[in-house]
Amino acid sequence: RLTVMGTTDLHGNIDPIDYYTNKPDNRGLAKISTLIKGIRKEQPNVLLIDSGDTIQGTPLESFHGRKNNRPPDPMMLVMNSLNYDSMTVGNHEYNFGLKVLEKARKEAKFPWLSANTYDIKTGETHYQPYLVRELGGVRIGILGLTTPGIPNWDNAPNYAGLEFHNPVLEAKKWVPILRTKEKVDLVVIAMHMGLEEDLRTGQKSPGQVPDENEAITIAKEVPGIDLIFMGHTHRDVPSLYINGVLLTQANAWGRHLARADVYLQRSETGWHVYAKTARTIPSEDRIEPDP
């Protein structure tokens with residue numbers, strides 16, 4: 001059994017308070033840390049990933065990004081202490097400009113992932129596209145995908161020299177690389193994107209820019225994916241199956257931790273997934289913040 005834990009859209013929330021009113025609130029990495037530590041005690045084969053929008057949001061990060069960027073980024077300090085395996089780059093990472101972004105990235109002891117963000121000059125990916133980890137003899141590939149809508153929302157200098165490619169086409173390019181070249185047994189996508197349509201009617205969600213959210217399309221059109229950890233839309237999606245792919249999303253602000261458990265069996269041809277399940281665990285009153 002492998003367990004993948006995921007956060008997303010933390011937006012600078014560390015303490016269990018509303019940073020605007022200074023009143024207690026069930027959110028933030030201090031409470032999430034308690035949940036993470038509990039799962040790690042129970043299960044040795046664990047990955048911890050994030051799906052982006054991390055270094056912007058609360059007055060804590062606004063002050064750090066705009067007024068005093070000299071100390072280490074508060075979110076990177078906390079995420080380093082929690083031993084994150086990876087973080088996918090979100091659109092709000094760009095809000096304070098590339099200098100602030102790259103400083104926080106350097107301070108992280110885990111890779112920032114985005115397979116569809118490219119340097120215009122070189123045509124190469126700007127970030128590490130994926131990460132391969134081995135747990136209990138099982139090779140796991142984590143592919144990062146960023147919503148390509150950044151030029152619609154941010155000032156051009158904040159993403160100068162970068163372009164954001166179609167996430168569906170990039171998933172079709174990179175998943176086979178993970179399966180064949182890297183020979184992974186399990187493919188996890190950590191995307192800063194969410195569900196793009198109403199699951200009952202198939203109608204596109206209103207107000208989206210082109211390709212802003214592509215979780216459903218990627219699950220339907222890209223073979224070889226086992227798990228998708230979503231983000232961007234600030235929705236709690238405990239567990240959803242689309243075309244055999246298991247999707248989950250941990251809401252926002254550290255209000256939930258997403259947990260997926262995957263059960264694999266070994267045969268002569270390698271490891272095979274025979275069951276998988278997901279849920280989101282709330283940062284409720286009974287969860288004590290990690291001091």
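Each remark here, short or long, concerns the structure printed above.
The structure reproduced in this document is the subject of the present report.

Before going further, it helps to spend a moment on the nonpolar core. Membership of the largest hydrophobic core comes to 33 residues, with the highest contact counts inside it found for L29, M76, Y84, Y94, F110 and W112. Among the elements of the structure, α1 (29–42), β4 (46–50), α3 (74–81), α4 (98–107) and β10 (162–164) are those that each provide at least two residues to this core. Per-element accounting of this core gives the leading share, five residues, to α1. With near-sequence residues (within four places) excluded, Y84 lies in contact with T7, L10, L29, L48, I49, D50, M79 and F110. Grouped together as the second largest cluster of nonpolar side chains are 29 residues, Y118, Y130, I218 and V245 included.

Moving on, we come to unusual backbone geometry. Positive phi values are uncommon outside glycine, yet H11 reaches one of about 50°. By secondary structure assignment, the location of H11 is in the loop between β1 (2–7) and β2 (17–18). Phi is positive for N83, close to 60°, though the residue is something other than glycine. Summarising the element assignment, N83 is placed in the loop between α3 and β5 (86–88).

So, about the pairing of strand β12 (residues 227–230). Looking down a regular strand, the side chains alternate between one sheet face and the other. Residues L227 and F229 line one face of β12 and the alternating positions I228 and M230 line the opposite face, and both faces are buried. With three bridges connecting them, strand β11 (residues 186–192) and β12 associate as parallel partners. Bridged to V188 within β12 is L227. Note that the unit made of β11, helix α7 (residues 215–221) and β12 has a crossover that is right-handed. As defined by bridge partners, β12 adjoins strand β14 (residues 245–250) across four bridges and the pair is classed as parallel. Across the sheet, M230 pairs through a bridge with Q249, a residue of β14.

What follows covers the sheet that holds β14. Spatially, the six strands line up as an open sheet ordered β8-β9-β11-β12-β14-β13, and their pairing is mixed. Since the sheet does not close on itself, it has two edges, and those belong to β8 (130–135) and β13 (236–242), each with one partner. Across the sheet, the axes of successive neighbouring strands diverge by a mean angle of 20°, strand direction being ignored. Pairing of β13 with β14, which is carried by five bridges, proceeds in the antiparallel orientation. Along β14, the bridge assignment pairs Y241 with L246.

Here we come to the sheet that holds strand β6 (residues 112–113). One open sheet holds the six strands; their spatial order is β6-β5-β4-β1-β15-β16, and the pairing between them is mixed. One side of each edge strand has no neighbouring strand; the edge strands of this open sheet are β6 and β16 (270–282). Examined bridge by bridge, β4 and β5 share two bridges and lie parallel to one another. Looking across to β5, one finds that I49 is bridged to S86.

Attention now moves to the pattern of salt bridges. Note that side chains of opposite charge can pair when their charged atoms are close. Applying the stated criterion across every chain, the model contains 17 salt bridges. In this structure, E221 and K172 form a salt bridge, with 3.4 Å as the shortest nitrogen-oxygen distance. Of the two residues, E221 is situated in helix α7 and K172 in helix α6 (residues 167–181); the sequence distance between them amounts to 49 residues. Taking relative accessible area as the criterion, E221 reaches 42% and is therefore assigned partly exposed.

Counting across every chain of the model gives five aromatic pairs. A centroid spacing of 5.7 Å and a plane angle of 85° characterise the contact between Y94 and F164, whose relative ring orientation is edge-to-face. Of this pair, Y94 sits in the loop between β5 and α4 while F164 is found in strand β10, placing the two residues 70 residues apart along the sequence. Considered together, Y94 and F164 belong to a single accessibility category, that of buried residues. Taken together through their ring pairs, the aromatic side chains of Y94, Y159 and F164 make up a single cluster.

With respect to the secondary-structure elements, M76 resides in helix α3. Beyond its immediate stretch of four places on either side in the chain, M76 contacts T54, I55, M87, A104, E107, A108, F110 and W112.

Three or four residues apart is the spacing at which side chains of an α-helix point the same way, because the helix has 3.6 residues per turn. Spanning 15 residues, α6 covers 20 Å between terminal C-alpha atoms, matching the ideal 21 Å at 1.5 Å per step. Within α6 the residues assigned to the buried category are P167, V168, E170, A171, W174, V175 and L178. Burial along α6 is one-sided: seen end-on, the buried residues are contained in an arc of 140°. Facing away from the buried side of α6 by more than 90 degrees, the exposed set consists of L169, T180 and K181. In this structure, the buried residues of α6 make contact with β7 (117–119), β8, β9 (138–146), β11 and α7. The opening residue of α6, the one whose side-chain oxygen lies 2.8 Å from the backbone nitrogen of V168, is N166. Backbone geometry just downstream of α6 places K183 in the positive-phi region, at approximately 50°.

Calculation rules
Residues numbered from 1 in each chain as written. Predicted model: local features only at pLDDT ≥ 70, side-chain atom pairs only at ≥ 80, totals over all residues. Heavy atoms only, no water. Core = buried A, V, L, I, M, F, W, Y, C linked by side-chain atoms within 4.5 Å. Buried < 20%, exposed > 50% of the residue type's maximum accessible area, 1.4 Å probe, protein only. Helix = DSSP H or I, 4+ residues; strand = E, 2+ residues; numbered from the N terminus. Contact = heavy atoms within 4.5 Å. Pairing = 2+ DSSP bridges. Right-handed = clockwise from strand over helix to strand, strands pointing away. Axes fitted to C-alpha atoms, helices over the stretch in contact; angles between N-to-C directions. Salt bridge = Lys/Arg side-chain N within 4 Å of Asp/Glu carboxyl O. Phe/Tyr/Trp six-rings, centres within 6.5 Å; stacked < 30°, edge-to-face > 60°. Expected span 1.5 Å × (residues − 1). Arc of directions from axis to C-beta. Polar contact = N/O pair within 3.5 Å; in protein donor to acceptor, adjacent residues only side chain to side chain.

The analysis is restricted to geometry; functional conclusions fall outside its scope.
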